[in-house]
Amino acid sequence: MQQDLFSQDFAPIRHTASHYVPVLQNKAGELEALRRASPDVWSHITPLINIVGPKKPRPNEVSVQISFEALRSWAKRLASAIGGRPFYLDILRLKPSTLLKSDNIEFKGRRRARRRQYVLEQFYEFAQQQRLDFVPVYRTDLGNETYTRIVRRAVTEIGRGFALRYPLLNTVSVLGPAELAIKIVSDMGEQTRNVDLILDLEYIPAEADLDFDLTQQLVSSLSDSASWRNVILLGTSIPSSMSCISEGSVGRIQRAEWALWKALRASGNPNLVFGDYGIQHPKPPAEGGPGMRANIRYTSEESTIVARGRQVLTEGKEEYRKLCRQLLRHDEYLGDDFSWGDSQIGACADGDTDPGSQNHWRAVGTSHHLAFVSGQLQSSSQESAS
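### Focus: the overall build of the protein chain
Each helix and strand in the protein chain was counted, giving 12 helices and 11 strands. Against the 2.2 N^0.38 benchmark of 21 Å for 386 residues, the protein chain shows a C-alpha radius of gyration of 21 Å, consistent with a compact globule. Along the three orthogonal principal directions, the C-alpha set of the protein chain runs to about 60 × 55 × 40 Å. Here the protein chain holds 386 residues, and 53% of them are scored as buried. Partitioning the intrachain contacts of the protein chain with sequence separation of at least 6 by distance along the chain shows that 76% fall at a separation of at least 24. Element-wise, carbon and sulfur atoms account for 47% of the exposed surface of the protein chain, whose accessible area totals about 17700 Å². Separation between the mean location of the 46 positive side-chain charges and that of the 45 negative ones in the protein chain comes to 9 Å.

Here it is as structure tokens:
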């Protein structure tokens with residue numbers, strides 16, 4: 001039976017009307033953006049961190065294998081970026097049944113991590129060892145016996161409830177959406193008041209013609225099906241490739257997820273929490289490569305401004321300096337003092353720093369995005385209250 005382990009002070013989200021849930025990967029750039037986030041930004045965000053597995057097995061390996069020491073290192077890097085702040089913890093490009101690599105490990109010292117069988121349960125172990133205030137995530141589209149057992153045990157041991165992540169367009173079940181959600185909570189031995197319901201639209205293509213009435217009906221039926229701790233809407237308009245923006249130009253991508261969230265809040269879902277995927281597509285991007293074009297993504301009120309250059313391999317990193325100068329001249333540039341990311345754009349444009357790699361510009365764009373969206377939500381909340 002689920003123990004009543006909840007601290008009276010623990011709450012993953014404290015400012016429902018103005019809170020923000022960015023979905024970020026445990027990549028160097030996005031973790032750097034979290035390290036650089038101001039106290040004000042942190043007070044209004046609760047990130048959902050995806051632990052990203054390898055794209056494919058290594059040579060001479062039949063399946064993806066992740067070592068004990070690799071997981072320990074991932075947990076330490078995550079702790080250095082988040083500290084003692086609450087966050088949601090999920091996996092990406094990893095099967096819940098992925099086995100931990102069999103290698104010989106000698107345990108030394110008093111703080112020994114138990115060796116688990118599966119990668120996910122071992123990462124939970126390391127996250128607890130790092131004293132991370134994480135909330136386990138359970139996805140409706142990954143459900144199987146092993147996955148359910150691993151997450152259920154974490155929910156019981158950790159005592160912070162869990163987040164039920166419901167991909168609205170990719171969940172297949174003989175049960176109705178609300179019935180499925182309630183059943184999963186019951187199978188976890190939890191109560192809905194200790195569960196955050198995450199309604200995930202994932203990628204919203206520019207050409208998509210979402211039926212607003214149908215979307216509203218689905219969101220309302222799930223959010224009204226129980227007394228959830230929080231209900232969060234996720235989505236993004238960022239494509240997997242920036243080929244929609246011409247090389248050597250500054251274009252924009254409309255933030256359909258922001259417009260949809262505002263419309264849903266206004267139509268009877270006032271406590272719906274906003275979430276997105278930062279400046280990335282939901283699936284991990286290709287790791288550079290000879291065809292990679294330099295680009296910097298800069299969030300504005302209704303769109304993402306994209307300064308896109310030419311191939312880094314042929315043009316060199318100086319291509320990023322050109323993009324920074326283009327952004328500085330843009331009407332919607334907010335100034336070097338707006339965020340750490342903005343300060344990096346200004347410094348690069350002025351020639352005060354080296355351009356850096358794409359990982360750096362992923363950090364820069366994410367830093368600006370976190371500051372902008374958290375501020376945008378605070379302003380929106382104040383407008384609604386007045």
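### Focus on helix α6 (residues 177–187)
If you check which residues of α6 are buried, you get L180, A181, I184 and V185. Viewed along the axis of α6, the buried residues span an arc of 135°, placing them on a single side of the element. Against β4 (134–139), β5 (162–167), β6 (195–203) and α7 (212–223) lie the buried residues of α6. In the segment just after α6, G189 is the residue with positive phi, at about 70°.

### Points about the sheet that holds strand β7 (residues 230–236)
The parallel closed barrel is built from eight strands, whose spatial order is β1-β2-β3-β4-β5-β6-β7-β9. With direction set aside, neighbouring strand axes in the sheet form an average angle of 25°. As defined by bridge partners, strand β1 (residues 20–25) adjoins strand β2 (residues 48–52) across three bridges and the pair is classed as parallel. Paired with Q25 across the two strands is N50, which belongs to β2. Against the sheet, helix α5 (residues 145–158) contacts β3 (87–92), β4 and β5, and its axis sits at roughly 155° relative to β4. On top of the sheet, α6 reaches β4, β5 and β6; it is set at about 150° to β5, its chief contact.

### Side note on helix α11 (residues 340–349)
An α-helix turns once per 3.6 residues; consequently, residues spaced three or four apart project the same way. For α11, a buried count of nine out of 10 residues is recorded, marking the element as mostly surrounded by other parts of the structure. Burial in α11 covers these residues: W340, G341, D342, Q344, I345, G346, A347, C348 and A349. Measuring from the side-chain oxygen of the N-cap residue of α11 to the backbone nitrogen of G341 gives 3.3 Å; that N-cap residue is S339. G351 sits one or two positions beyond α11 and adopts a positive phi of about 80°.

### Let's talk about the packing of aromatic side chains
Remark: the centre distance and the inter-plane angle together describe each pair of aromatic rings, the angle taken between the planes. This structure, assessed with the given rule, holds 11 aromatic pairs. Ring centres of Y124 and F134 lie 5.6 Å apart, and the angle between their planes is 10°; this geometry places the pair in the stacked category. Remark: F134 occurs in strand β4 and Y124 occurs in helix α4 (residues 119–129); sequence separation between them is 10 residues. Given the relative accessible area of 4%, Y124 is considered buried. Owing to a relative accessible area of 0%, F134 belongs among the buried residues under this scheme. With 4.7 Å between their ring centres and 15° between their planes, Y138 and Y147 make a pair best called stacked. When sorted by exposure, Y138 lands in the same class as Y147, which is buried. Geometry around W42 places R85 over its ring, the cationic atom sitting 4.3 Å from the centre. The cationic tip of R160 hangs over the ring face of F10; the distance from NZ or CZ to the ring centre is 5.9 Å.

### Some remarks on the pattern of salt bridges
By the definition in use, this model includes 21 salt bridges. Residues E121 and R153 are paired through a salt bridge, measuring 2.4 Å at the closest nitrogen-oxygen approach. Of this pair, E121 sits in helix α4 while R153 sits in helix α5; the two residues are 32 residues apart in sequence, bridging distant segments of the chain. Judged by relative accessible area, which is 6%, E121 ranks as buried. On the basis of relative accessibility, which here comes to 32%, the residue R153 falls in the partly exposed class. Within the structure, one salt-bridge network assembled from shared partners comprises D90, R139, D141, R165, D200 and E202.

### Regarding the side chain of H369
Mapped onto the elements of the fold, H369 is located in helix α12 (residues 358–385). If sequence neighbours within four positions are ignored, H369 has contacts with Y20, D276, G278, I279 and T299.

### Side note on the nonpolar core
Ranked by internal contacts, the top residues of the largest apolar core, which has 70 residues, are L34, L78, L164, L199 and L233. Considering every element that reaches this core, the biggest residue donor is helix α3 (residues 68–82), with eight residues. Contact partners of L233, with chain neighbours within four places excluded, come to L199, L201, V219, L260, W261, L264, L272, V273, F274 and G275.

### Section: the packing of helix α10 (residues 318–328) against α11
Axis separation between α10 and α11 bottoms out at 8 Å; the angle between their running directions is 115°. As far as their axial angle goes, α11 and α10 are roughly perpendicular. In the crossing of α10 with α11, the sense of the turn from one axis to the other is left-handed. Facing α10, whose interface residues are Y320, R321, C324, R325, L327 and L328, α11 presents I345, G346, C348 and A349. Its residues assigned to classes, the contact of α10 with α11 shows seven nonpolar, one polar and two charged.

Conventions we followed
Residues numbered from 1 in each chain as written. Predicted model: local features only at pLDDT ≥ 70, side-chain atom pairs only at ≥ 80, totals over all residues. Heavy atoms only, no water. Helix = DSSP H or I, 4+ residues; strand = E, 2+ residues; numbered from the N terminus. Rg over C-alpha atoms; globule rule 2.2 N^0.38 Å. Buried < 20%, exposed > 50% of the residue type's maximum accessible area, 1.4 Å probe, protein only. Contact = heavy atoms within 4.5 Å. Areas by Shrake-Rupley, 256 points an atom, 1.4 Å probe, with all protein chains shown as cover. Lys, Arg positive; Asp, Glu negative; His and termini not counted. Charge placed at Lys NZ, Arg CZ, Asp CG, Glu CD. Arc of directions from axis to C-beta. Pairing = 2+ DSSP bridges. Axes fitted to C-alpha atoms, helices over the stretch in contact; angles between N-to-C directions. Polar contact = N/O pair within 3.5 Å; in protein donor to acceptor, adjacent residues only side chain to side chain. Phe/Tyr/Trp six-rings, centres within 6.5 Å; stacked < 30°, edge-to-face > 60°. Lys NZ or Arg CZ within 6 Å of the ring centre and 35° of its normal. Salt bridge = Lys/Arg side-chain N within 4 Å of Asp/Glu carboxyl O. Core = buried A, V, L, I, M, F, W, Y, C linked by side-chain atoms within 4.5 Å. Parallel < 35°, antiparallel > 145°, perpendicular 65-115°, else oblique. Left-handed = near helix turned anticlockwise from the far one by under 90°. Nonpolar A, V, L, I, M, F, W, Y, C, P; charged D, E, K, R; others polar.

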